[in-house]
Amino acid sequence: MDIQYWEPHIELAPKKEIEEIQRKRLKFILNYVYERSPFYKRKFKEANVSPHDFYDLKDIRKFPFTTKSDLLENSYPYGGDFLCVPREEIIGWHMSSGTTGRPTIGAYTFKDHETWMNLMARTLVTAGVKKGDIILNIYGYGLFTGGLGFHQSSHLVGASVIPWGVGRTEAMVDIIKNFKPTVMTGTPSYQLYILEFLNKRGIDPRETSIRITMPGAEMWTEQMRKRIEEGFGLKEKGGGARNIYGATELLGPGSGQECIYENGFHFWVDHFFLEIIDPETLEPVNPGEEGEMVVTTLTKEAMPLIRYRMRDITVLDVDKCPCGRNAFPRCMQIKGRVDDVIHYKGAKVWPSDIQRVILKYPEVIEYQVIVDKPAGEFVIKIELKENLGEDVKSKIREEIRYELERNLIFVIPKVQIVEQGSLPRYEGKSKRIIIKEF
């Protein structure tokens, strides 16, 4: 395979060299926030710790965690007590949607923006994007980091951008036919919807020009990757569906990226120090063990974060990768957020475990999970392809029910086949899980 690098002197550096970069940057950033951030000045004093307590990488564990609640309470509107520079040095903000209250703030200095764009360029090249590619950017523009993050960085690698955003899917079909984009961004759910839409229009997605997709911004599984890659014929074109990772709290997309070997996303640990912890004991777990991502930003200027609990659950793989980026460990597919786990009659159910089972069946087009706690019901609705006989539908329903019961443990779901087209489709982040509380 033809492997390209944006910063080969960094991406191919020995692990010890990257660890020394981490050590120096951690030492700097701990002093930086202690001197400049009212929040961290207060937080460190409460924990009876100071930057002088840091000597080597393991010493980061002496410092307190930062949580999303800390951000929500102390960063609104401009960055609040987290801000380390005068407000006049901020060139802009990105924010979370704020659907459950105050949005999470991400403030940027000019230097932050330059750092982000360079990391996004590294990310694009890692995914296989090259000069001359045309990117159909279907992440949302505006406060969300996705749209602008891809758009503003693409020119650095010599790629062109179609700034589509979210929606107008029918009109997008003509863009795909006429402009012949080679790369498509967007949530995996939206990519599946585009696949379905193209097929309904009588267009074979495998004959389109799309070679690479960069799904992200929501939980997805290997089963969904298989659908996207087979649906668009990506492998036959020398491409694939390659996971991108990021968050408003870090810089945006571009904190981690799968390479062409698609075996977990390389985390850019020269800019983000990564720990994996047990979310209950808060103790570190070993590589290969499941845990929560905790990130310390090493190069952010406006709003650095120390030991920020991402709430994302993953498994870290530190084995060598054929691409050569061996100092950059790989995170396996995000299982979900700690807050996403479904608590039902004393059992814990991960939405990713449900998706993994359901999407194994090619006959399933879409699904929805309804957990009605007052009624004591756990219902999974599935849409199946047309022209299937009743006996085939019944067989699929029973197989799915049996597999879910076997995989979820202690939960016996009710599987219902619903009319085709009756379940929602998603142009942004999916909302397949509906929970009715007491």
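Residues numbered from 1 in each chain as written. Predicted model: local features only at pLDDT ≥ 70, side-chain atom pairs only at ≥ 80, totals over all residues. Heavy atoms only, no water.

Focus on the overall build of the protein
Check the secondary structure of the protein and you find 11 helices and 21 strands. In summary, the protein has a C-alpha radius of gyration of 22 Å against a globular reference of 22 Å for 438 residues, a match within 12%. The burial tally for the protein puts 55% of its 438 residues in the buried class. Across the protein, contacts joining residues at least 24 apart in sequence account for 67% of those joining residues at least 6 apart. Total accessible area computed for the protein in this model is approximately 19500 Å², and 50% of it derives from carbon and sulfur atoms. When the 61 positive and 62 negative side-chain charges of the protein are each reduced to one mean point, those points stand 1 Å apart. (Helix = DSSP H or I, 4+ residues; strand = E, 2+ residues; numbered from the N terminus. Rg over C-alpha atoms; globule rule 2.2 N^0.38 Å. Buried < 20%, exposed > 50% of the residue type's maximum accessible area, 1.4 Å probe, protein only. Contact = heavy atoms within 4.5 Å. Areas by Shrake-Rupley, 256 points an atom, 1.4 Å probe, with all protein chains shown as cover. Lys, Arg positive; Asp, Glu negative; His and termini not counted. Charge placed at Lys NZ, Arg CZ, Asp CG, Glu CD.)

Let's talk about the sheet that holds strand 20 (residues 414-418)
The four strands are arranged 20-19-18-21 in an open sheet whose pairing can be described as mixed. Here the strands that pair on one side only, and so sit at the sheet edges, are strand 20 and strand 21 (433-436). If you compare each strand with its neighbour and ignore which way they point, the axes differ by 20° on average. In this structure, strand 18 (residues 364-372) lies alongside strand 19 (residues 377-384), joined through eight bridges in antiparallel fashion. For Val371, the partnering residue across the bridge sits in strand 19 and is Phe378. Each of strand 18, strand 19 and strand 21 is contacted by helix 10 (residues 351-358), which is oriented at about 145° to strand 18, the strand it contacts most. (Pairing = 2+ DSSP bridges. Axes fitted to C-alpha atoms, helices over the stretch in contact; angles between N-to-C directions.)

Some words on the sheet that holds strand 6 (residues 212-213)
Spatial ordering of the open sheet is given by 4-3-5-6-7, a layout of five strands whose pairing is parallel. Where the open sheet ends on each side, the last strands, each with one partner, are strand 4 (160-162) and strand 7 (240-241). In the sheet, strand 3 (residues 134-136) pairs with strand 5 (residues 183-184) via two bridges, with the strands oriented parallel. Residue pairing for strand 5: Ile135 is matched across the bridge by Val183.

Points about the nonpolar core
Phe44, Met214, Phe267, Leu274, Met293 and Ile306 are the most contacted members of the largest nonpolar core, which has 71 residues in total. Judged by nonpolar contacts, the second largest core, of 47 residues, contains Ile162, Ile175, Met224 and Tyr361. (Core = buried A, V, L, I, M, F, W, Y, C linked by side-chain atoms within 4.5 Å.)

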